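Close look at the chain arrangement
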Amino acid sequence: MSNHEIKDRFRGFLPIVIDVETAGFNQKTDALLEMAASILRMDENGDFYIHETMEFLIKPFEGANLEKAALDFTGIDPFDPERQDIPEQEALTQMFAKVRKELKSTGCKRAILVGHNSAFDHGFLNAAIERAEIKRNPFHPFSSFDTASLAGLVFGQTVLAKACEAAAIPFSNSEAHSAKYDTEKTAELFCEMVNRWKQLGGWPLIQEDNDQEDSMEALFNASH
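Residues numbered from 1 in each chain as written. Predicted model: local features only at pLDDT ≥ 70, side-chain atom pairs only at ≥ 80, totals over all residues. Heavy atoms only, no water.

1. Side note on the packing of helix α5 (residues 147–155) against helix α7 (residues 179–199)
- As a packed pair, α5 and α7 sit with axes 11 Å apart at the nearest point and diverge in direction by 45°. By the angle between their directions, the pair α5 and α7 is classed as oblique. Two packed elements cross with a definite hand, and for α5 against α7 that hand is left-handed. Along its contact with α5, which presents Thr147, Leu150, Ala151, Val154 and Phe155, the element α7 presents Thr186, Leu189, Phe190, Glu192, Met193 and Arg196. (Axes fitted to C-alpha atoms, helices over the stretch in contact; angles between N-to-C directions. Helix = DSSP H or I, 4+ residues; strand = E, 2+ residues; numbered from the N terminus. Parallel < 35°, antiparallel > 145°, perpendicular 65-115°, else oblique. Left-handed = near helix turned anticlockwise from the far one by under 90°. Contact = heavy atoms within 4.5 Å.)

The structure is reproduced here in structure tokens:
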């Protein structure tokens, strides 16, 4: 196994870091307002870095709930006339086109979402995909990498700002809670942890037979 091929690092999965800003906590009823995605690449030494970050301001879907407390927390005004937002379907189509291009160029078979408390971001992404009736989702439908859990293991911290501080990554609380900023800080944190693990000798490991997991994924996809 090559140490310098991203397709070999996570058994063919391409990590894409995603953060969403929303108008509440319910993925089915509350609006998705911002989404950002960082594409990661691996250098010749086998270290991860941020290649590109995409940012999308998103129009609330028809009938979406907008919780005032959530809007006050993020500072997002979805009715700002100068806000250059686009529909969910357009944002997803643009993002997925770049993700698929990266999959093709790296030889990876599928993207996997990386997020801080990733279940939240993954849930809102999947709900938007369902609303937009997108059939070809390049992301794994249920697996993700959670940097909150990883940072708890590596640094003893689960809050993004605290984990970044422990990793010596600059973090501004005044800039936080925008999708682009949080995505890039999450991506920096993920890269730092993955690269540090490699430096400690934790990768590459002996490659295992993944036929059983592949079969389970195929069964899930066939039933949805």
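2. Observations concerning α5
- What α5 keeps buried is the set Thr147, Ala148, Ala151 and Phe155. Projected onto a plane normal to the axis of α5, the buried residues spread over an arc of 100° and lie on a single side.
- The backbone nitrogen of Ala148 has a side-chain oxygen 3.1 Å away, supplied by the residue at the start of α5, namely Asp146.
- Downstream of α5 by a residue or two, Gly156 has a phi angle that is positive, lying close to 75°. (Buried < 20%, exposed > 50% of the residue type's maximum accessible area, 1.4 Å probe, protein only. Arc of directions from axis to C-beta. Polar contact = N/O pair within 3.5 Å; in protein donor to acceptor, adjacent residues only side chain to side chain.)

3. A short note on the pairing of strand β3 (residues 48–57)
- In terms of strand pairing, strand β2 (residues 32–42) meets β3 through nine bridges, oriented antiparallel. If you follow Leu40 over to β3, its bridge partner there is Ile50.
- Between β2 and the antiparallel strand that follows it, β3, lie five residues; Gly46 among them carries a positive phi value of about 85°. (Pairing = 2+ DSSP bridges.)

4. Regarding the side chain of Arg110
- Looking at the secondary structure, you find Arg110 in strand β4 (residues 110–115).
- The exposure class of Arg110 is buried, given its relative accessible area of 15%.
- Of note is the side chain of Arg110, whose polar atom sits 3.5 Å from the backbone oxygen of Asn137.

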